[in-house]
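# Remarks on the overall topology
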Amino acid sequence: MSGVSAQADAEAARAGAVAVLRTRGRAVALALLPAALAVILLAGAPTGVLAGTGWDAARALVSAVAVLVLVAVGALALAVARARPAVSPTVPVTEDSAPDLHRLVRDLADRLEVPAPSAVALTPDCDSWLEDRSHPALGADAIRSAPGQAPPAPVLVIGSPFLWWMRVAELRAVLAPVVAGTGPSAQPDILAARRFVRGLDAAAALGTEPGRGPLARLVLGGTARLAQLLLRACREEAAEMERAVAATSSERAKAVDYGLRIAAQEQVGLAYAGWDRLLNRVALPAWRIGRWPARLDAGVVAALTELSRRDRLADDFTTRLGERPACDLLEEPGTVDESASLLAARLFHGEPAGREPQWLPVDWEGYADEVVDRTWRTEAARLHRVLDELGVPGSGRADRAGLGGATLARVLEHLAVPDPVPAPEPGRLPELTEEELAAASDDELALRTGVDIGGEAGRAAGAQVAGVPQPGGEVRRRVAERAEELAEALAAEVAREQARVPAAAPAPVGQGADETLWAGGRLPLCPLQPPRTGRELLAEHVVAMVCCSAMDTAGALPGLDWLDGPVLLLRGRRVADLGVRVTGLVEQGDGGPLLDWVHRARVRPDKPVRLV
């Protein structure tokens, strides 16, 4: 540890904490100022020094202001003291379930000469931090120290993907700067400053609680505004304090595995990339139908193995496999993985849709049949249900053959421009009047013509050929309108299905976001993706319909790719370009590339498929 640098950072951290506490002291002094002035005025009345009508009015006014200020400050102090600070949802890891992990953390703290964390917990994220859980408002979950002893050390929260992807030595090197943070956390000024800021943060959230009466909203709203004002006043000092604490911890951690930590940081970035891809491409489709992959952390190892193979890093990965994985520090890694995986589903997705939502586990062996196949058939059924509501007739070829039902041909005939209609020539426009051309946006012109016409120059050039006849312009316009109508109807249907999730009851005052999660909250705390647009939903449903038709008529199978999620396997090989062909159909009405693939794959689009 560099003595000069570490000492300077420690002094900077303490100076930041003192600055935060100074802000608190100034606020208290300002709040007591009207009361002090009222005392002086009241004391001057009996002595006759401050007598008279004017002084009587001043005494009454200042006393009333002092009472109001004291009441407001008292309410704020009570809220800061009793409001429940936000606590991250985690999976606790007791010493009985992971004695080797706790021993590693204690040994690390001894080498760094800092207090050992009071507990260890896992989070389904690629990050690690210390979290203070000693606030009395946490109730039974609060970590308390014995009377007369120092406050308990913070809890060490470890990202669960680290345990499965990293080796033991790499995990120890990555955790060293985090564990080193328990030293500054024990400093009295830093501890008091952090508790003050966390209390203000919890009090500021009181104004957002729903389901309160008018009087409660008025009182809590005023208290929250005061807390926000104090937070803004000490924001820069608190940020400077945390930066100095991080710098101090980093300097102290250089004494432990510093060289290995540089190499381990590469594995942190790789784990983050694999975890993000696994959640968005593999876990999210399962969560949408109420299934949660029970071994997400084991899945991230498979995903990163596949990534290493594709990026030609297999030799380095094979070398790492010879070392002990960090998950061996757990007595029952499978049980811990299941708990972290269920927490990830609730944290990143919320509750599953349905009248009686219930999470059901799925293992990786059954993912293709229970998730991929079911998802595709559910989306295909929704697509045809919406087509029925819009009054779209069945496929002409299927009806003539006496088949009818949910066919791929029905979707293609509704979204694709008919074959006799020629594609627009480059630089040419369909039949548009000058008024329609002037009102059309660049995107609409690009959709109708296949050419990007942007800016005034492009609009002027288009106006010159507005009167030139273009075969099929009206047909293409109607196809684009049908696609937009179908996309909007699908989006509305998906929104109605998601709205069937029972809403959670309002959380009590001061309750943290984690408690709302466990109370059955409908919305995720950390959504992975923004809501899908109507066009995106339409493309996904058309892909699902194509896959269902291929499975039922051409012998294709559902599959799982660790990096790309659900895939279609045709004759043992993955179909890679299906999404691009469907996008051309949905966005431009161009069904030619998709039809070519359908014919080459020997898919029968006029044959009904099995739906859920």
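This write-up is about the structure you can find in this document. As the structure is a computational prediction, the values presented were derived from the model and not from experiment.

## Some words on the side chain of H414
Relative to the helices and strands, H414 is located in helix α16 (residues 408-415). On the basis of relative accessibility, which here comes to 9%, the residue H414 falls in the buried class. Excluding anything up to four places from it in sequence, H414 contacts L387, V392, R482 and L486.

## A few points about the environment of F162
Structurally, F162 can be placed in helix α4 (residues 160-165). A relative accessible area of 2% means that F162 is categorised as buried. For F162 and P124, which are 38 residues apart along the polypeptide, the C-alpha to C-alpha distance reads 9.7 Å. Discounting chain neighbours no more than four positions away, the residues touching F162 are C126, D127, S128, L171, V268, A271 and A326.

## Structural notes on the sheet that holds strand β7 (residues 557-561)
Two modes of strand pairing occur in sheets, parallel and antiparallel, and in both the strands are linked by backbone hydrogen bonds. In spatial order, the strands read β7-β8-β9; together these three strands make up an open sheet with antiparallel pairing. For this open sheet the edge positions go to β7 and β9 (573-574), each flanked by a neighbour on one side alone. As paired strands, β7 and strand β8 (residues 565-570) are joined by five bridges and run antiparallel to one another. Paired with G559 across the two strands is V567, which belongs to β8. Those strands touched by helix α14 (residues 367-389) are β7 and β8, and its axis lies near 115° from that of β7.

## Remarks on a nonpolar patch on the surface
Together, V28, L32 and L70 line one region of the surface with nonpolar side chains, adding up to about 250 Å² of accessible area. In this fold, V28 is placed in helix α1 (residues 3-47). V28 gets classed as partly exposed once you look at its relative accessible area, which sits at 45%.

## As for unusual backbone geometry
The residue D257 is not glycine, and still its phi comes out positive at about 50°. As for its placement among the helices and strands, D257 is situated in the loop between α9 (235-253) and α10 (258-287). The phi dihedral of R602 is positive, around 60°, even though this residue is not glycine.

Rules and cut-offs
- Residues numbered from 1 in each chain as written.
- Predicted model: local features only at pLDDT ≥ 70, side-chain atom pairs only at ≥ 80, totals over all residues.
- Heavy atoms only, no water.
- Helix = DSSP H or I, 4+ residues; strand = E, 2+ residues; numbered from the N terminus.
- Buried < 20%, exposed > 50% of the residue type's maximum accessible area, 1.4 Å probe, protein only.
- Contact = heavy atoms within 4.5 Å.
- Pairing = 2+ DSSP bridges.
- Axes fitted to C-alpha atoms, helices over the stretch in contact; angles between N-to-C directions.
- Patch = residues over 30% accessible without salt bridge, like charges linked within 9 Å, V, L, I, M, F, W, Y side chains within 5 Å.
- Areas by Shrake-Rupley, 256 points an atom, 1.4 Å probe, with all protein chains shown as cover.
- Salt bridge = Lys/Arg side-chain N within 4 Å of Asp/Glu carboxyl O.

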